[in-house]
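Below are the chains, spelled out letter by letter.
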Amino acid sequence: MKVRVEYSAQLRTALGRAAEDVDLPDAATVRELLIQLAATCGDDAAQHLVTDSGDLRPSLLVIVNDVATPARRNASTTLRPGDVVTLLPPVSGG
Amino acid sequence: MSDLPYLTDDERDRYGWQLTVRGFGEEGQRRLKAATVLVSRIGGVGGTVALQLAAAGIGRLVLAHAGNLRLNDLNRQLLMSTDDVGQQRIESGVRRLRALNPHVEVETIAENIDESNAARLVARCDVAVSAGPLFSERLLMNRAAVRQRKPLVDCAMYELEGRLTTIVPGKSPCLACLYPESPPLWKREFPVFSAVSSTVGSLAAMEVIKLIAGFGEPLAGRLLTFDLGDQSFRTVRIDREATCPVCNDRA
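These figures come from a predicted structure and were not determined experimentally.

Draft legend 1. Layout of helix α3 (residues 25–34) of chain B. Among all positions of α3 of chain B, only Gly 25, Gly 28, Gln 29, Arg 30 and Leu 32 of chain B are buried. Buried residues belonging to α3 of chain B abut α2 (16–19), α4 (44–56) and α9 (194–213) of chain B.

Printed below as a string of C-alpha coordinates:
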(Lines give C-alpha, C1' and ligand atoms only; values in the text may rest on other atoms or scores of the structure.)
Protein backbone atom coordinates (compact mmCIF):
# COMPACT_ATOMS: atom_id res chain seq x y z
CA MET A 1 0.00 0.00 0.00
CA LYS A 2 0.99 3.63 -0.41
CA VAL A 3 0.91 6.30 2.30
CA ARG A 4 1.74 9.96 1.88
CA VAL A 5 4.54 11.13 4.19
CA GLU A 6 5.07 14.84 4.84
CA TYR A 7 8.36 16.10 6.27
CA SER A 8 8.74 19.17 8.48
CA ALA A 9 11.59 21.41 9.65
CA GLN A 10 15.00 19.65 10.01
CA LEU A 11 13.71 16.50 8.31
CA ARG A 12 12.62 18.48 5.27
CA THR A 13 16.03 20.15 5.15
CA ALA A 14 17.91 16.86 5.49
CA LEU A 15 15.84 15.14 2.82
CA GLY A 16 15.49 18.08 0.46
CA ARG A 17 11.79 17.37 -0.10
CA ALA A 18 8.55 18.19 1.69
CA ALA A 19 6.54 15.04 0.97
CA GLU A 20 6.53 11.75 -0.91
CA ASP A 21 4.52 8.56 -1.36
CA VAL A 22 5.97 5.59 0.49
CA ASP A 23 5.28 1.92 -0.30
CA LEU A 24 4.58 -0.16 2.78
CA PRO A 25 3.30 -3.68 3.47
CA ASP A 26 -0.47 -3.71 4.11
CA ALA A 27 -1.41 -2.90 7.69
CA ALA A 28 2.07 -1.54 8.44
CA THR A 29 2.40 0.45 11.67
CA VAL A 30 3.87 3.87 12.33
CA ARG A 31 6.92 2.13 13.79
CA GLU A 32 7.40 0.09 10.61
CA LEU A 33 7.10 3.22 8.49
CA LEU A 34 9.69 5.08 10.56
CA ILE A 35 12.12 2.17 10.67
CA GLN A 36 11.81 1.70 6.89
CA LEU A 37 12.39 5.42 6.28
CA ALA A 38 15.38 5.49 8.65
CA ALA A 39 16.95 2.58 6.81
CA THR A 40 16.70 4.27 3.43
CA CYS A 41 16.84 8.05 3.92
CA GLY A 42 20.46 8.63 4.88
CA ASP A 43 22.04 9.41 8.24
CA ASP A 44 21.22 13.14 8.31
CA ALA A 45 17.51 12.48 8.18
CA ALA A 46 17.53 9.14 9.99
CA GLN A 47 18.92 10.67 13.19
CA HIS A 48 15.65 12.62 13.51
CA LEU A 49 13.65 9.39 13.29
CA VAL A 50 15.57 6.92 15.42
CA THR A 51 18.22 7.07 18.13
CA ASP A 52 21.68 5.53 17.82
CA SER A 53 20.33 2.44 19.52
CA GLY A 54 17.51 2.13 16.99
CA ASP A 55 14.62 3.30 19.19
CA LEU A 56 12.13 5.81 17.81
CA ARG A 57 13.08 9.39 18.72
CA PRO A 58 11.06 10.24 21.86
CA SER A 59 10.61 13.86 20.73
CA LEU A 60 9.44 13.17 17.16
CA LEU A 61 5.76 14.07 16.75
CA VAL A 62 3.76 12.08 14.23
CA ILE A 63 0.47 13.38 12.85
CA VAL A 64 -1.92 10.70 11.62
CA ASN A 65 -5.55 11.53 10.93
CA ASP A 66 -5.32 15.01 12.46
CA VAL A 67 -3.89 13.82 15.79
CA ALA A 68 -0.27 14.65 16.72
CA THR A 69 1.32 12.09 19.01
CA PRO A 70 4.92 11.43 20.09
CA ALA A 71 6.24 8.59 17.93
CA ARG A 72 6.81 6.38 20.96
CA ARG A 73 3.08 6.56 21.77
CA ASN A 74 1.58 5.88 18.36
CA ALA A 75 4.24 3.42 17.15
CA SER A 76 1.68 0.63 17.01
CA THR A 77 -0.94 2.65 15.11
CA THR A 78 -1.89 0.75 11.97
CA LEU A 79 -1.77 2.74 8.75
CA ARG A 80 -4.25 2.44 5.91
CA PRO A 81 -3.75 3.01 2.19
CA GLY A 82 -3.81 6.72 1.41
CA ASP A 83 -3.14 7.86 4.98
CA VAL A 84 -1.20 11.10 5.30
CA VAL A 85 1.52 10.94 7.94
CA THR A 86 3.27 14.17 8.94
CA LEU A 87 6.59 13.98 10.78
CA LEU A 88 7.51 16.90 13.05
CA PRO A 89 10.99 16.96 14.61
CA PRO A 90 11.19 19.16 17.72
CA VAL A 91 11.63 22.89 17.12
CA SER A 92 11.63 25.85 19.47
CA GLY A 93 11.28 29.62 19.74
CA GLY A 94 13.88 32.36 19.65
CA MET B 1 -16.39 42.78 36.80
CA SER B 2 -16.79 45.45 39.47
CA ASP B 3 -13.29 44.86 40.81
CA LEU B 4 -11.72 45.38 37.40
CA PRO B 5 -9.98 48.71 36.82
CA TYR B 6 -11.98 51.29 34.85
CA LEU B 7 -10.78 52.77 31.57
CA THR B 8 -9.81 56.39 31.32
CA ASP B 9 -11.11 58.53 28.44
CA ASP B 10 -7.63 58.39 26.95
CA GLU B 11 -7.66 54.59 27.07
CA ARG B 12 -11.14 54.41 25.51
CA ASP B 13 -9.83 56.52 22.66
CA ARG B 14 -6.57 54.54 22.30
CA TYR B 15 -8.32 51.17 22.21
CA GLY B 16 -11.36 52.33 20.26
CA TRP B 17 -10.71 50.10 17.25
CA GLN B 18 -10.62 46.93 19.36
CA LEU B 19 -13.37 47.81 21.85
CA THR B 20 -15.90 46.95 19.15
CA VAL B 21 -14.46 43.48 18.54
CA ARG B 22 -17.24 40.93 18.98
CA GLY B 23 -16.98 39.13 22.32
CA PHE B 24 -14.34 41.53 23.66
CA GLY B 25 -15.76 44.98 24.44
CA GLU B 26 -15.04 47.24 27.40
CA GLU B 27 -15.11 44.37 29.87
CA GLY B 28 -12.45 42.54 27.85
CA GLN B 29 -10.32 45.68 27.80
CA ARG B 30 -10.67 46.06 31.58
CA ARG B 31 -9.62 42.42 32.01
CA LEU B 32 -6.49 43.10 29.94
CA LYS B 33 -5.76 46.17 32.06
CA ALA B 34 -5.96 44.06 35.23
CA ALA B 35 -3.71 41.30 33.89
CA THR B 36 -0.01 40.50 34.18
CA VAL B 37 1.72 38.48 31.45
CA LEU B 38 5.17 36.90 31.71
CA VAL B 39 7.13 36.61 28.46
CA SER B 40 10.20 34.38 28.50
CA ARG B 41 12.68 36.03 26.11
CA ILE B 42 11.91 39.00 23.94
CA GLY B 43 13.61 37.87 20.75
CA GLY B 44 11.88 37.43 17.42
CA VAL B 45 8.87 35.68 18.90
CA GLY B 46 8.65 37.08 22.43
CA GLY B 47 9.46 40.64 21.33
CA THR B 48 6.47 40.52 19.01
CA VAL B 49 4.31 39.05 21.77
CA ALA B 50 5.33 41.93 24.04
CA LEU B 51 4.74 44.53 21.32
CA GLN B 52 1.29 43.16 20.47
CA LEU B 53 0.29 42.93 24.13
CA ALA B 54 1.52 46.45 24.82
CA ALA B 55 -0.50 47.74 21.88
CA ALA B 56 -3.54 45.81 23.12
CA GLY B 57 -3.30 47.36 26.58
CA ILE B 58 -2.12 44.59 28.91
CA GLY B 59 -1.79 46.05 32.38
CA ARG B 60 1.62 44.67 33.19
CA LEU B 61 4.34 42.85 31.26
CA VAL B 62 7.09 40.93 33.02
CA LEU B 63 9.85 40.32 30.48
CA ALA B 64 12.75 37.94 31.13
CA HIS B 65 15.78 37.83 28.87
CA ALA B 66 19.50 37.89 29.65
CA GLY B 67 22.38 39.18 27.57
CA ASN B 68 23.30 41.94 25.16
CA LEU B 69 21.93 42.60 21.70
CA ARG B 70 24.00 41.26 18.80
CA LEU B 71 23.95 42.49 15.24
CA ASN B 72 22.60 39.16 13.97
CA ASP B 73 19.60 39.44 16.33
CA LEU B 74 18.28 42.36 14.28
CA ASN B 75 16.91 40.26 11.43
CA ARG B 76 14.03 39.36 13.76
CA GLN B 77 14.20 41.19 17.12
CA LEU B 78 11.93 44.05 16.16
CA LEU B 79 11.86 45.84 19.52
CA MET B 80 15.52 46.75 19.15
CA SER B 81 17.48 49.21 17.01
CA THR B 82 20.88 49.15 15.35
CA ASP B 83 22.09 51.70 17.91
CA ASP B 84 21.33 49.15 20.65
CA VAL B 85 23.88 46.55 19.48
CA GLY B 86 26.11 45.68 22.42
CA GLN B 87 23.62 47.07 24.93
CA GLN B 88 21.55 45.04 27.35
CA ARG B 89 18.75 43.57 25.25
CA ILE B 90 16.01 43.81 27.82
CA GLU B 91 16.53 47.56 28.37
CA SER B 92 16.62 48.21 24.61
CA GLY B 93 13.37 46.37 24.15
CA VAL B 94 11.51 48.09 26.90
CA ARG B 95 12.08 51.57 25.45
CA ARG B 96 10.01 50.71 22.39
CA LEU B 97 7.22 49.24 24.50
CA ARG B 98 7.01 52.28 26.76
CA ALA B 99 7.06 54.59 23.76
CA LEU B 100 4.22 52.63 22.16
CA ASN B 101 1.99 52.55 25.22
CA PRO B 102 2.87 54.37 28.43
CA HIS B 103 -0.19 52.88 30.15
CA VAL B 104 1.51 49.49 30.25
CA GLU B 105 3.72 48.71 33.23
CA VAL B 106 6.83 46.90 32.04
CA GLU B 107 9.08 45.04 34.44
CA THR B 108 12.39 43.78 33.08
CA ILE B 109 14.29 40.79 34.39
CA ALA B 110 17.76 40.48 32.84
CA GLU B 111 17.73 36.70 33.33
CA ASN B 112 16.68 33.72 31.30
CA ILE B 113 14.35 31.13 32.79
CA ASP B 114 16.17 28.57 34.93
CA GLU B 115 15.56 26.28 37.88
CA SER B 116 16.04 29.13 40.35
CA ASN B 117 13.55 31.63 38.92
CA ALA B 118 10.91 29.75 36.89
CA ALA B 119 8.40 29.20 39.71
CA ARG B 120 8.88 32.69 41.13
CA LEU B 121 8.36 34.43 37.79
CA VAL B 122 5.36 32.32 36.78
CA ALA B 123 3.80 33.05 40.19
CA ARG B 124 3.72 36.73 39.32
CA CYS B 125 1.66 36.40 36.15
CA ASP B 126 -1.85 35.47 35.08
CA VAL B 127 -0.69 34.01 31.76
CA ALA B 128 2.84 33.03 30.67
CA VAL B 129 4.36 32.89 27.21
CA SER B 130 7.33 30.67 26.45
CA ALA B 131 9.23 32.09 23.48
CA GLY B 132 12.84 31.02 24.01
CA PRO B 133 15.01 28.69 21.94
CA LEU B 134 15.93 26.20 24.65
CA PHE B 135 13.74 23.23 25.49
CA SER B 136 15.11 23.29 29.05
CA GLU B 137 13.53 26.75 29.55
CA ARG B 138 10.26 25.69 27.92
CA LEU B 139 10.02 22.59 30.07
CA LEU B 140 10.73 24.59 33.25
CA MET B 141 8.04 27.10 32.29
CA ASN B 142 5.69 24.22 31.61
CA ARG B 143 6.30 22.58 34.97
CA ALA B 144 5.84 25.85 36.86
CA ALA B 145 2.67 26.69 34.91
CA VAL B 146 1.14 23.25 35.47
CA ARG B 147 1.92 23.29 39.20
CA GLN B 148 0.48 26.79 39.58
CA ARG B 149 -2.40 26.12 37.21
CA LYS B 150 -1.53 29.09 35.01
CA PRO B 151 -2.17 29.06 31.25
CA LEU B 152 1.00 28.92 29.17
CA VAL B 153 1.32 29.72 25.47
CA ASP B 154 4.22 27.76 23.96
CA CYS B 155 5.84 28.96 20.73
CA ALA B 156 8.15 27.31 18.20
CA MET B 157 9.40 27.84 14.66
CA TYR B 158 11.93 26.73 12.03
CA GLU B 159 12.67 28.21 8.62
CA LEU B 160 9.20 29.10 7.26
CA GLU B 161 7.29 26.93 9.74
CA GLY B 162 5.67 27.77 13.04
CA ARG B 163 4.02 25.80 15.83
CA LEU B 164 1.90 26.96 18.71
CA THR B 165 -0.13 25.45 21.49
CA THR B 166 -1.73 26.69 24.69
CA ILE B 167 -1.38 24.68 27.85
CA VAL B 168 -4.36 25.07 30.15
CA PRO B 169 -3.54 22.98 33.23
CA GLY B 170 -6.28 20.50 34.02
CA LYS B 171 -7.83 20.86 30.55
CA SER B 172 -5.07 20.18 28.05
CA PRO B 173 -1.91 18.13 27.65
CA CYS B 174 1.24 19.87 28.82
CA LEU B 175 4.53 20.31 26.98
CA ALA B 176 6.05 17.32 28.77
CA CYS B 177 3.28 15.12 27.32
CA LEU B 178 4.85 15.91 23.92
CA TYR B 179 8.50 16.31 24.94
CA PRO B 180 9.42 14.38 28.09
CA GLU B 181 13.00 15.68 27.91
CA SER B 182 15.10 18.22 26.04
CA PRO B 183 15.62 16.78 22.55
CA PRO B 184 19.36 16.17 22.16
CA LEU B 185 19.51 17.13 18.46
CA TRP B 186 17.94 20.58 18.85
CA LYS B 187 20.35 23.38 18.00
CA ARG B 188 19.53 26.80 19.39
CA GLU B 189 20.63 28.63 16.24
CA PHE B 190 18.48 27.78 13.27
CA PRO B 191 17.24 29.33 10.03
CA VAL B 192 14.34 31.77 10.35
CA PHE B 193 12.92 35.04 9.03
CA SER B 194 11.41 37.77 11.16
CA ALA B 195 8.22 37.40 9.15
CA VAL B 196 7.97 33.88 10.59
CA SER B 197 8.95 34.69 14.20
CA SER B 198 6.65 37.68 14.29
CA THR B 199 3.79 35.59 12.88
CA VAL B 200 4.26 33.09 15.71
CA GLY B 201 4.46 35.99 18.18
CA SER B 202 1.28 37.61 16.87
CA LEU B 203 -0.59 34.29 17.04
CA ALA B 204 0.67 33.80 20.61
CA ALA B 205 -0.42 37.31 21.61
CA MET B 206 -3.91 36.57 20.30
CA GLU B 207 -4.00 33.46 22.47
CA VAL B 208 -3.08 35.56 25.53
CA ILE B 209 -5.72 38.18 24.76
CA LYS B 210 -8.41 35.49 24.33
CA LEU B 211 -7.39 33.70 27.54
CA ILE B 212 -7.51 36.88 29.61
CA ALA B 213 -10.58 38.47 28.09
CA GLY B 214 -12.47 35.16 27.95
CA PHE B 215 -13.55 34.94 24.34
CA GLY B 216 -12.70 32.87 21.29
CA GLU B 217 -11.28 29.37 21.47
CA PRO B 218 -7.68 29.02 22.69
CA LEU B 219 -5.49 26.20 21.37
CA ALA B 220 -5.94 24.03 24.49
CA GLY B 221 -5.47 20.41 23.39
CA ARG B 222 -4.63 21.49 19.86
CA LEU B 223 -1.36 22.14 18.08
CA LEU B 224 -1.29 24.77 15.36
CA THR B 225 1.26 24.16 12.63
CA PHE B 226 1.80 26.48 9.73
CA ASP B 227 4.13 26.73 6.77
CA LEU B 228 4.58 30.15 5.23
CA GLY B 229 6.24 28.42 2.26
CA ASP B 230 2.79 27.62 0.92
CA GLN B 231 0.75 29.58 3.51
CA SER B 232 -0.86 26.42 4.87
CA PHE B 233 -2.28 26.49 8.40
CA ARG B 234 -3.52 23.43 10.25
CA THR B 235 -4.64 22.55 13.77
CA VAL B 236 -4.41 18.97 15.01
CA ARG B 237 -5.44 17.37 18.26
CA ILE B 238 -2.89 16.58 20.97
CA ASP B 239 -3.68 14.28 23.88
CA ARG B 240 -2.49 14.02 27.45
CA GLU B 241 0.07 11.36 28.27
CA ALA B 242 -1.48 9.29 31.06
CA THR B 243 1.89 8.76 32.68
CA CYS B 244 3.21 12.31 32.16
CA PRO B 245 5.47 13.08 35.14
CA VAL B 246 4.45 16.75 35.09
CA CYS B 247 0.71 17.03 34.55
CA ASN B 248 -0.23 13.58 35.81
CA ASP B 249 0.98 14.43 39.32
CA ARG B 250 -0.74 17.75 39.66
CA ALA B 251 -2.65 18.32 42.84
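Next, the rest of the story.
Draft legend 2. Structural context of the packing of aromatic side chains. Residue and element names in this part refer to chain B. Inspection of every chain in the model, using the stated rule, returns 7 aromatic pairs over all chains. Linked through ring pairs, Phe 135, Tyr 158, Tyr 179, Trp 186 and Phe 190 together constitute an aromatic cluster. Positioned above the aromatic ring of Tyr 6 is the side chain of Arg 30, whose terminal nitrogen or guanidinium carbon lies 4.1 Å from the ring centre.

Draft legend 3. Broad picture of empty space enclosed by the protein. This model, assessed by the stated rule, comprises 4 cavities of 30 Å³ or more. Empty space within the largest cavity amounts to approximately 80 Å³. Class assignment for the residues of the lining of the largest cavity results in 8 nonpolar, 1 polar and 3 charged. Reported here for the second largest cavity is a volume of approximately 40 Å³. Surrounding the second largest cavity, His 48, Arg 57, Ser 59, Leu 60 and Pro 90 of chain A together with Pro 183, Pro 184 and Leu 185 of chain B form its lining. Split by residue class, the lining of the second largest cavity holds 5 nonpolar, 2 polar and 1 charged.

Draft legend 4. Representation of the interface of chain A and chain B. With 27 residues of chain A at the contact, the number on the chain B side is 37 residues. Buried area between chain A and chain B, summed over both chains or domains, comes out near 2,600 Å², and the portion from carbon and sulfur atoms is 52%. Of all residues in chain A, the largest losses of buried area upon contact with chain B belong to Val 91, Ser 92 and Gly 94 of chain A, amounting jointly to 24% of the total for that side. The interface formed by chain A and chain B contains 5 salt bridges. The salt bridge involving Arg 72 of chain A is made with Glu 241 of chain B; its shortest N-O contact spans 3.5 Å. Applying the counting criterion to the chain A and chain B interface returns 24 residue pairs in polar contact (both at pLDDT 80 or more). Of all the elements in the fold, those that place two or more residues in the side of chain A that touches chain B are α1 (9–15), β3 (61–64), β4 (67–70), α4 (71–74) and β5 (84–88) of chain A. Here the element with the most residues in the side of chain A that touches chain B is α1 of chain A; it accounts for 4 residues. Among the residues making up the side of chain A that touches chain B, the classes are represented as 11 nonpolar, 10 polar and 6 charged. Across 2 bridges, the pairing between β4 of chain A and strand β8 (residues 232–238) of chain B is parallel.

Draft legend 5. Quick peek at the nonpolar core. Counting residues in each nonpolar core, the largest one holds 85 residues, and the members touching the most others are Val 37, Leu 53, Leu 61, Leu 63 and Cys 174 of chain B. Counting residues per element, this core draws most heavily on α9 of chain B, which supplies 8 residues. Ignoring any residue separated from it by four or fewer positions in sequence, one finds Val 37 of chain B in contact with Leu 53, Ile 58, Arg 60, Leu 61, Val 62, Cys 125, Val 127, Val 129, Val 208 and Ile 212 of chain B. Listed in part, the 28 residues of the second largest apolar core include Leu 15, Leu 24, Ala 28 and Leu 56 of chain A.

Draft legend 6. Main features of the side chain of Glu 207 of chain B. All names here are of chain B. Position of Glu 207 among the secondary structure elements: in helix α9. A relative accessible area of 4% places Glu 207 in the buried class. Side chain to side chain, Glu 207 and Thr 166 meet in a polar contact 2.6 Å long. Those residues in contact with Glu 207, other than ones at most four positions away along the chain, are Val 153, Leu 164, Thr 166, Glu 217, Pro 218 and Leu 219.

Draft legend 7. Structural view of the layout of surface pockets. Approximately 350 Å³ is the volume found for the largest pocket. Surrounding the largest pocket, 20 residues form its lining, Arg 70, Asp 73, Arg 76, Arg 188 and Glu 189 of chain B being those nearest its centre. Residue classes in the lining of the largest pocket are distributed as 4 nonpolar, 9 polar and 7 charged. The computed volume of the second largest pocket comes to approximately 290 Å³. Glu 6, Arg 12 and Thr 86 of chain A together with Asp 227 and Ser 232 of chain B are, among the 19 residues lining the second largest pocket, the residues nearest its centre. When its residues are assigned to classes, the lining of the second largest pocket shows 6 nonpolar, 5 polar and 8 charged.

Draft legend 8. Spotlight on helix α7 (residues 135–148) of chain B. Residues and elements named next belong to chain B. Over its 14 residues, α7 extends 20 Å from the first C-alpha to the last, a length consistent with the 20 Å expected when each residue adds 1.5 Å. The element α7 is extensively covered by neighbouring structure, given that 10 of its 14 residues are classed as buried. Within α7 the residues assigned to the buried category are Phe 135, Glu 137, Arg 138, Leu 139, Leu 140, Met 141, Asn 142, Ala 144, Ala 145 and Val 146. The inward-facing, buried residues of α7 abut β1 (36–40), α6 (118–123), β4 (127–130), β5 (152–158), β6 (161–167) and α8 (175–178). Two residues or fewer past α7, Arg 149 is found with a positive phi of approximately 55°.

Rules and cut-offs
- Residues numbered from 1 in each chain as written.
- Chains lettered and ligands numbered in written order.
- Predicted model: local features only at pLDDT ≥ 70, side-chain atom pairs only at ≥ 80, totals over all residues.
- Heavy atoms only, no water.
- Buried < 20%, exposed > 50% of the residue type's maximum accessible area, 1.4 Å probe, protein only.
- Helix = DSSP H or I, 4+ residues; strand = E, 2+ residues; numbered from the N terminus.
- Contact = heavy atoms within 4.5 Å.
- Phe/Tyr/Trp six-rings, centres within 6.5 Å; stacked < 30°, edge-to-face > 60°.
- Lys NZ or Arg CZ within 6 Å of the ring centre and 35° of its normal.
- 1 Å grid on protein atoms, 1.4 Å probe; cavity = no way out; pocket = protein on both sides within 12 Å on 5 of 7 lines; lining within 4 Å.
- Points joined across faces, edges and corners; volume = space filled by probe spheres on them.
- Nonpolar A, V, L, I, M, F, W, Y, C, P; charged D, E, K, R; others polar.
- Buried area = accessible area lost by both parts, 1.4 Å probe.
- Salt bridge = Lys/Arg side-chain N within 4 Å of Asp/Glu carboxyl O.
- Polar contact = N/O pair within 3.5 Å; in protein donor to acceptor, adjacent residues only side chain to side chain.
- Pairing = 2+ DSSP bridges.
- Core = buried A, V, L, I, M, F, W, Y, C linked by side-chain atoms within 4.5 Å.
- Expected span 1.5 Å × (residues − 1).

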